[in-house]
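Residues per chain are reported as follows:
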Amino acid sequence: MINADLQDVAFYAIHDPEAAREAAAAGVGATVTLTVGGKTDPSIGGAPLTLLGYVATITDGKFKAYGPMGGGVTRNYGLSVVFRVGGIDIVLISNNGQATDLGQLTSLGIDPTRKSTVVVKSMQHFRAAFEPIARQVLEVDTGALCTKDFKNRPYQHIRRPIWPLDEL
């Protein structure tokens, strides 16, 4: 997305407390270089990216989730930052969690209904809140932990044969 210079994009979210702290220390309005993502296990899902961007928003990560899966529950994703790289608003969160509620974006000042593209890191949980506002849903398998390609995982202690890894 960055190389393609996509514009008017929201990306939710990269769990990276270190990058969120660095962005918050720089403050809203600062232009900073951050190394984001890929710090837990770069062999699954890719290595960190070093990006130059603008700190657009800083919050404590607390909001009420009113969507179909939220039911008015208060959520807390910890220190959260909107880091704008070109035309992409990248959300950095300190407490990990999948995208399940529009409030995860609106609480940061991002209106997902006004973006040309919204990217969420989530396998299925996003559908109840985000699918109704989408013109189209494209699933992307990044090869990370939640890949749909079960056969490429290095299973070590498993009885064989077992579906879906083997034909039964």
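Keep in mind the model is a prediction, meaning the values are calculated, not measured.

Rules and cut-offs
Residues numbered from 1 in each chain as written. Predicted model: local features only at pLDDT ≥ 70, side-chain atom pairs only at ≥ 80, totals over all residues. Heavy atoms only, no water. Salt bridge = Lys/Arg side-chain N within 4 Å of Asp/Glu carboxyl O. Buried < 20%, exposed > 50% of the residue type's maximum accessible area, 1.4 Å probe, protein only. Helix = DSSP H or I, 4+ residues; strand = E, 2+ residues; numbered from the N terminus. Pairing = 2+ DSSP bridges. Axes fitted to C-alpha atoms, helices over the stretch in contact; angles between N-to-C directions. Phe/Tyr/Trp six-rings, centres within 6.5 Å; stacked < 30°, edge-to-face > 60°. Polar contact = N/O pair within 3.5 Å; in protein donor to acceptor, adjacent residues only side chain to side chain.

A. Molecular detail of the pattern of salt bridges. Inspection of the entire model under this criterion finds nine salt bridges. Between Asp89 and Arg84 there is a salt bridge; the shortest N-O distance is 2.5 Å. Classification of Asp89 as buried rests on a relative accessible area of 4%. In this structure, the salt-bridge partner of Arg127 is Glu139, at a minimum N-O distance of 2.3 Å. Of this pair, Arg127 sits in helix 3 (residues 127-130) while Glu139 sits in the segment after helix 3; the two residues are twelve residues apart in sequence, bridging distant segments of the chain. According to the relative accessible area criterion, Arg127 is partly exposed, its value standing at 22%. Taken together, the shared-partner salt bridges connect Asp8, Arg84, Asp89 and Lys115 into one network.

B. A look at the sheet that holds strand 8 (residues 117-120). The strand order across the open sheet formed by six strands is 2-3-6-7-1-8, and the pairing between neighbours is mixed. The open sheet has two free edges, formed respectively by strand 2 (31-36) and strand 8, since each of these has just one partner strand. Recorded for the sheet is a direction-independent mean angle of 35° between the axes of neighbouring strands. Of the pairings in the sheet, the one linking strand 1 (residues 9-15) to strand 8 comprises four bridges and is parallel in character. Looking at strand 8, one finds that Phe11 is bridged to Val119.

C. Focus on the packing of aromatic side chains. Under the defined criterion, the tally for this structure stands at two aromatic pairs. Here the aromatic rings of Tyr12 and Tyr77 are separated by 6.4 Å at their centres, their planes lie at 90°, and the arrangement is edge-to-face. Separated by 65 residues along the polypeptide, Tyr12 in strand 1 and Tyr77 in the loop between strand 5 (73-76) and strand 6 (80-85) bring together distant segments of the chain. The same class applies to Tyr12 and to Tyr77, which are both buried. On the numbers, 6.0 Å between centres and 15° between planes, the contact of Phe63 with Tyr77 is stacked. Of this pair, Phe63 sits in strand 4 (residues 62-65) while Tyr77 sits in the loop between strand 5 and strand 6, and the two are 14 residues apart along the sequence. Of the two residues examined, Phe63 and Tyr77, each falls in the buried class. By way of ring pairs, the aromatic residues Tyr12, Phe63 and Tyr77 are connected into one cluster.

D. Expanded view of the environment of Thr100. Topologically, Thr100 is positioned in the loop between strand 7 (88-93) and helix 2 (103-106). For Thr100, a relative accessible area of 8% corresponds to the buried category. A sequence separation of 29 residues divides Thr100 from Ala129, and the C-alpha atoms of the two residues are 6.2 Å apart. A polar contact of 2.7 Å, which involves the side chain of Thr100, links it to the side chain of Arg75.

E. Looking closely at unusual backbone geometry. For the bond from Arg160 to Pro161, the omega torsion is -5°, close enough to zero to count as cis. Relative to the assigned elements, Pro161 resides in the segment after helix 3. Located in the positive-phi region is Asp5, a residue other than glycine, with phi close to 55°. Positive phi is not limited to glycine here, since Asp8 has a value of about 60°. Here Asp8 shows up in the segment before strand 1.

F. Structural detail: the pairing of strand 7. Among the six residues that make up strand 7, six are buried, leaving the element largely enclosed by the rest of the structure. Residue alternation in strand 7 divides its side chains into two sets, Ile88, Ile90 and Leu92 and Asp89, Val91 and Ile93, and both sets are buried. Across five bridges, strand 1 lies against strand 7 in parallel orientation. Bridge assignment links Ala10 to a residue of strand 7, and that residue is Asp89.

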